[in-house]
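As a plain string of letters, each chain reads:
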Amino acid sequence: SPSNTNTTNNNGMREQEQNYERHWLGSGRQRDDRPNDPPSSWKYIYMTEADSILTTRSDALQAMAQELDNGNIAVPHRLQPYPHSSDLPNYDMPQTVLPNVGTFSKVTSLQADTHQCCDGGPSHPGPELHNAERASCGGQYWYTCGFFRTEQRLSLGETVSREQIAQEHKRLHAYEWIRLSEGTGLSTLAGSNSGRRCIPLSFEEGSCGDH
C-alpha cells in the first residue's frame, strides 16, 4: 500500500543518512545515553582537506568555541605557500621559484604572540588581473601563471633574468609575503588561494580594526 511504501522509503533514507554519518563521524566514540547516534559523540567538527595544516593560537580557542556555541561557523583563512628563493637560495632551476627581488624581497616573519594577519577587504587583485588576461596563462591558476609564462619564454630560447621572472608574476605584486615562524616556516603568500589579501601587522602597530 502507499503508506507502507512511504514508510519503507523513509526507513531506507534514514538508514542511508546513518551510514553517511557513520562514514564521516565514526561509531567508536559514543555517548552512553545515545549509543547509536555517532554525531552526538562530537561537539565540534572540523572539515578540511587532508593536506591542509591548521595553525591557530591556543588562546583563541575559547573565543572560537563561543562563536560556534552561538550557532556560527568558523572558516579558516586558507594561506597559499609558495616556492620562494629565500627558502631555496641555491636551487638550480630558478625559473621554478619566486625570485627574491623587488616586491618579493620582503618576507615578514610572524610570531604567534606578537603578530597578526588582518583581513585586507573584499578585493581580489590577483584573480581580477588574471581574469583580464586569462588567455595568456594556459589554463593555470592565477597564482601559478607566472611560472607558466616563464617556462613558455624559456622554451622559445629566450634568456630570462630574475627581474623578468618577477614581472611574469605580476598577479602577485599586490600581496605581501609572510613566514609563519611556528608553522611550516616557508614563505607564504599573504592571502588566500582565492586572492583575498591579509595584511601582516605586529601588535605594537595596533589592532586590525585600526587599519
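Above this text is the structure in question.
Residues numbered from 1 in each chain as written. Predicted model: local features only at pLDDT ≥ 70, side-chain atom pairs only at ≥ 80, totals over all residues. Heavy atoms only, no water.

### Things to note about the state of the cysteines
We apply this condition: Any cysteine sulfur atom paired with another within 2.5 Å is treated as part of a disulfide. Going along the chain from the N terminus, every DSSP run of H or I of four or more residues is numbered as a helix, and every run of E of two or more is numbered as a strand. Note on exposure labels: buried denotes an accessible area under 20% of the residue type's maximum, exposed denotes more than 50%, and partly exposed covers the range between, all computed with a 1.4 Å probe on protein chains only.
Under the definition given, this model contains 3 disulfides. Across a sulfur-sulfur distance of 2.1 Å, Cys-117 and Cys-198 are joined as a disulfide pair. Linking Cys-117 and Cys-198, the disulfide has an S-S dihedral of approximately 75° and is accordingly described as right-handed. Separated by 81 residues along the polypeptide, Cys-117 in strand 3 (residues 115-119) and Cys-198 in strand 6 (residues 198-202) bring together distant segments of the chain. Each sulfur of the disulfide joining Cys-118 and Cys-208 lies 2.0 Å from the other. For the disulfide bridge between Cys-118 and Cys-208, the dihedral angle about the S-S bond is near -80°, and by the sign convention the bridge is left-handed. With Cys-118 in strand 3 and Cys-208 in the segment after strand 6, the pair connects residues that are 90 residues apart, well separated along the chain. Among the residues examined, Cys-118 registers a relative accessible area of 5% and is labelled buried. When the cysteines engaged in disulfides are numbered in sequence order, the chain pairs them as 1-5, 2-6, 3-4.

### Regarding the side chain of His-84
Threshold: Two N or O atoms count as a polar contact when they lie within 3.5 Å, although within protein this holds only if one can serve as hydrogen donor and the other as acceptor, and sequence-adjacent residues are included solely when both atoms are side-chain atoms.
Assignment of secondary structure puts His-84 in the loop between strand 1 (79-81) and strand 2 (107-110). Polar side-chain contacts of His-84 include one of 2.8 Å to the backbone oxygen of Phe-104.

### Let's talk about the nonpolar core
Put simply, the rule is: Residue types Ala, Val, Leu, Ile, Met, Phe, Trp, Tyr and Cys, when buried and joined through side-chain atoms within 4.5 Å, form a set referred to as a nonpolar core. Whether two residues are in contact is decided by their heavy atoms, any of which lying within 4.5 Å being enough.
One finds Tyr-82, Leu-98, Phe-104, Trp-142, Leu-172, Trp-177 and Leu-189 to be the most contacted residues of the largest nonpolar core, which totals 13 residues. Residue contacts for Trp-142: discarding those within four places in its chain leaves Gly-126, Pro-127, His-130, Arg-171, Leu-172, Tyr-175, Leu-189, Ser-192, Asn-193, Ser-194 and Gly-195.

### Some remarks on the sheet that holds strand 1
Under the convention used in this document: At least two bridges found by DSSP between two strands are what make those strands a pair. Only the stretch in contact is used when a helix axis is fitted, and all axes are lines through C-alpha atoms; the angle between N-to-C directions ranges over 0 to 180 degrees.
Strands sit in the order 1-5-4-2 across an open sheet of 4 strands; the sheet is mixed. In the strand order of this sheet, the two ends are held by strand 1 and strand 2, each with one partner. Geometrically, the sheet is characterised by an average inter-axis angle of 40° between neighbouring strands, direction not taken into account. One ladder, built from 4 bridges, connects strand 2 with strand 4 (residues 177-180); its direction is parallel. Bridging across to strand 4, Val-107 finds its partner in Trp-177.

### Some points on the packing of aromatic side chains
Inclusion rule: Centres within 6.5 Å are what make two rings of Phe, Tyr or Trp a pair, Trp counting through its six-membered ring; a difference in plane orientation under 30 degrees is then read as stacked, over 60 as edge-to-face, and the rest as tilted.
Evaluated as defined, the whole model comprises 6 aromatic pairs. The interplanar angle of 20° and the centroid separation of 5.6 Å between the aromatic rings of Tyr-82 and Phe-147 together place this pair among those described as stacked. With Tyr-82 in the loop between strand 1 and strand 2 and Phe-147 in helix 4 (residues 145-155), the pair connects residues that are 65 residues apart, well separated along the chain. When sorted by exposure, Tyr-82 lands in the same class as Phe-147, which is buried. Centroid distance Phe-104 to Trp-177: 5.9 Å. Interplanar angle 90°. Geometry classified as edge-to-face. Here Phe-104 is found in the loop between strand 1 and strand 2, whereas its partner Trp-177 is found in strand 4, with 73 residues between them in sequence. Judged by its relative accessible area of 0%, Phe-104 falls in the buried class.

### Regarding the environment of Cys-198
Given the relative accessible area of 4%, Cys-198 is considered buried. Distance from Cys-198 to Gly-121, taken between C-alpha atoms, is 8.1 Å for residues 77 residues apart in sequence. Once residues within four sequence positions are removed from consideration, Cys-198 is found in contact with His-77, Leu-79, Cys-117, Cys-118, Gly-120, Ala-190 and Gly-191.

### Considering the pattern of salt bridges
Put simply, the test is: When a carboxyl oxygen of Asp or Glu is within 4 Å of a side-chain nitrogen of Lys or Arg, the pair counts as a salt bridge.
The tally for this structure, following the rule as stated, stands at 8 salt bridges. By sharing partners, the salt bridges in this structure join Arg-149, Arg-153, Glu-158 and Glu-168 into a single network.

### Topic: the environment of Ile-199
Examined against the element boundaries, Ile-199 turns out to sit in strand 6. A C-alpha to C-alpha distance of 7.1 Å links Ile-199 and Glu-176, two positions 23 residues apart in sequence. The contacts of Ile-199, once residues within four sequence positions are left out, are Gln-116, Cys-117, Cys-118, Gly-120 and Glu-176.

### Quick word on the environment of Gln-80
Summarising the element assignment, Gln-80 is placed in strand 1. Look at Gln-80 and you get buried, because its relative accessible area is 14%. Setting aside anything within four residues of it in sequence, one finds Gln-80 in contact with Tyr-143, Thr-188, Leu-189, Gly-191 and Asn-193.

Geometric values such as these leave the question of function open.
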